[in-house]
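# Examination of the molecular architecture
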Amino acid sequence: MRYADDLAYVHHTGFADLARGASPFLVRALAARGLKHATVLELGCGSGILLRALTDAGHAATGVDLSPAMLRIARRTAPRARLVRSSLYDAPLAPCDAVFCVGEPFNYLEPTGRTPPLAPFFRRVASALRAGGLFVFDVIVARPGPGLTRRGWSAGKDWAVLVDTREDARRRRLTRDVTAFVRRNGAWARSREVHGVRVFRTAELAGLLRSAGFRVRVTSRYGTHALAVRRRAFICTRR
């Protein structure tokens, strides 16, 4: 299972900067469209930080995630949001004003190794959105920027995480080998997850989105929040 209890906790506690940084931008984007009580779907909602910002702003938000551990945290973080356990590709897409997908969920391979095609999925999103609706997501892209093979670690007061990332540029794949340590009741628990990640070409994604009926703007930031190296956000409006 991807993002089981330990790694879900570590991610929520130590790696939520992107969700916090994107939230003000996305809430403002809804307001700029005159949407005071929008219906919003967040795919790959994680621990619910963006959902909380949306519901605090008066919007009706539904979060979809495959990780039960992430959804348990999201229930506490965003108690007014509706939560659904599902792959983002299989989730029902009801009519809505916006679809958000923050934190690179599209990059992850399914736990089964499945790599669902994005073209039909983008068409499903376009069909669910009302005219002028907003579709925003971010992904890891092939270029420009340095290679992503690296080892690193981070730590908090009751957790530590070691990440070994290997990039296969030819296949446009990353493998992340993640070891997490979490302290509970005075003892340290260790867990390990290996994540398969695909890498996209910016122009290819933009072409698929335009074919699905979107106007597309590509950026390296959500407002004042700059994305990490080789990340791009796609700000899409249904024509």
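About the thresholds
- Residues numbered from 1 in each chain as written.
- Predicted model: local features only at pLDDT ≥ 70, side-chain atom pairs only at ≥ 80, totals over all residues.
- Heavy atoms only, no water.
- Axes fitted to C-alpha atoms, helices over the stretch in contact; angles between N-to-C directions.
- Helix = DSSP H or I, 4+ residues; strand = E, 2+ residues; numbered from the N terminus.
- Parallel < 35°, antiparallel > 145°, perpendicular 65-115°, else oblique.
- Left-handed = near helix turned anticlockwise from the far one by under 90°.
- Contact = heavy atoms within 4.5 Å.
- Phe/Tyr/Trp six-rings, centres within 6.5 Å; stacked < 30°, edge-to-face > 60°.
- Buried < 20%, exposed > 50% of the residue type's maximum accessible area, 1.4 Å probe, protein only.
- Core = buried A, V, L, I, M, F, W, Y, C linked by side-chain atoms within 4.5 Å.
- Pairing = 2+ DSSP bridges.

### Examining the packing of helix α1 (residues 5–14) against helix α4 (residues 68–77)
Running from amino to carboxyl end, α1 crosses α4 at an angle of 45 degrees, the nearest separation of the two axes being 8 Å. Viewed along their axes, α1 and α4 adopt a mutual orientation that is oblique. Judged by the twist between their axes, the crossing of α1 over α4 is right-handed. Packed against α1, whose contacting residues are D5, A8, Y9, H11 and H12, the element α4 presents A69, M70, R72, I73 and T77 at the interface.

### Considerations on the packing of aromatic side chains
Summed over all chains, the structure comprises 14 aromatic pairs. The interplanar angle of 70 degrees and the centroid separation of 5.6 Å between the aromatic rings of F106 and F121 together place this pair among those described as edge-to-face. Pair noted here: F106 is in the loop between β4 (96–101) and α5 (118–128) and F121 is in helix α5, with a separation of 15 residues, a long-range link. Accessibility assignment for this pair places F106 and F121 in one class, buried.

### Quick notes on the nonpolar core
Core analysis: the biggest nonpolar cluster contains 32 residues, and F106, F135, F137 and F214 have the highest contact counts within it. Going through the elements one at a time, β1 (39–43), β4, α5, β5 (129–140), α6 (202–212), β10 (214–219) and β13 (231–238) are the ones with two or more residues in this core. Per element, the largest residue contribution to this core is 6 residues, and it comes from α5. In contact with F214, not counting residues within four places along its chain, are F122, V125, A126, L129, F135, L209, C236, T237, R238 and R239. Listed in part, the 26 residues of the second largest apolar core include A61, V102, L134 and A233.

### Regarding the side chain of N107
In this fold, N107 is placed in the loop between β4 and α5. Under the relative-accessibility criterion, N107 is labelled buried at 0%. The residues touching N107, leaving out its near neighbours within four places in the chain, are D138, V139, I140, G196, V197, R198, V199 and F200.

### Brief notes about the sheet that holds strand β3 (residues 82–85)
Read across the open sheet, the 7 strands follow the order β3-β2-β1-β4-β5-β13-β10; overall the sheet is mixed. Two strands close off the open sheet at either side, each with one partner strand: β3 and β10. Across the sheet, the mean angle separating the axes of adjacent strands is 15 degrees when strand polarity is ignored. Direction of pairing for β1 relative to β4: parallel, over a ladder of 3 bridges. Note that in β4 the partner of E42 across the bridge is F100. In the packing of helix α3 (residues 49–56) onto the sheet, contacts are made with β1, β2 (60–65), β3 and β4, and the angle to β2 comes to roughly 170 degrees.

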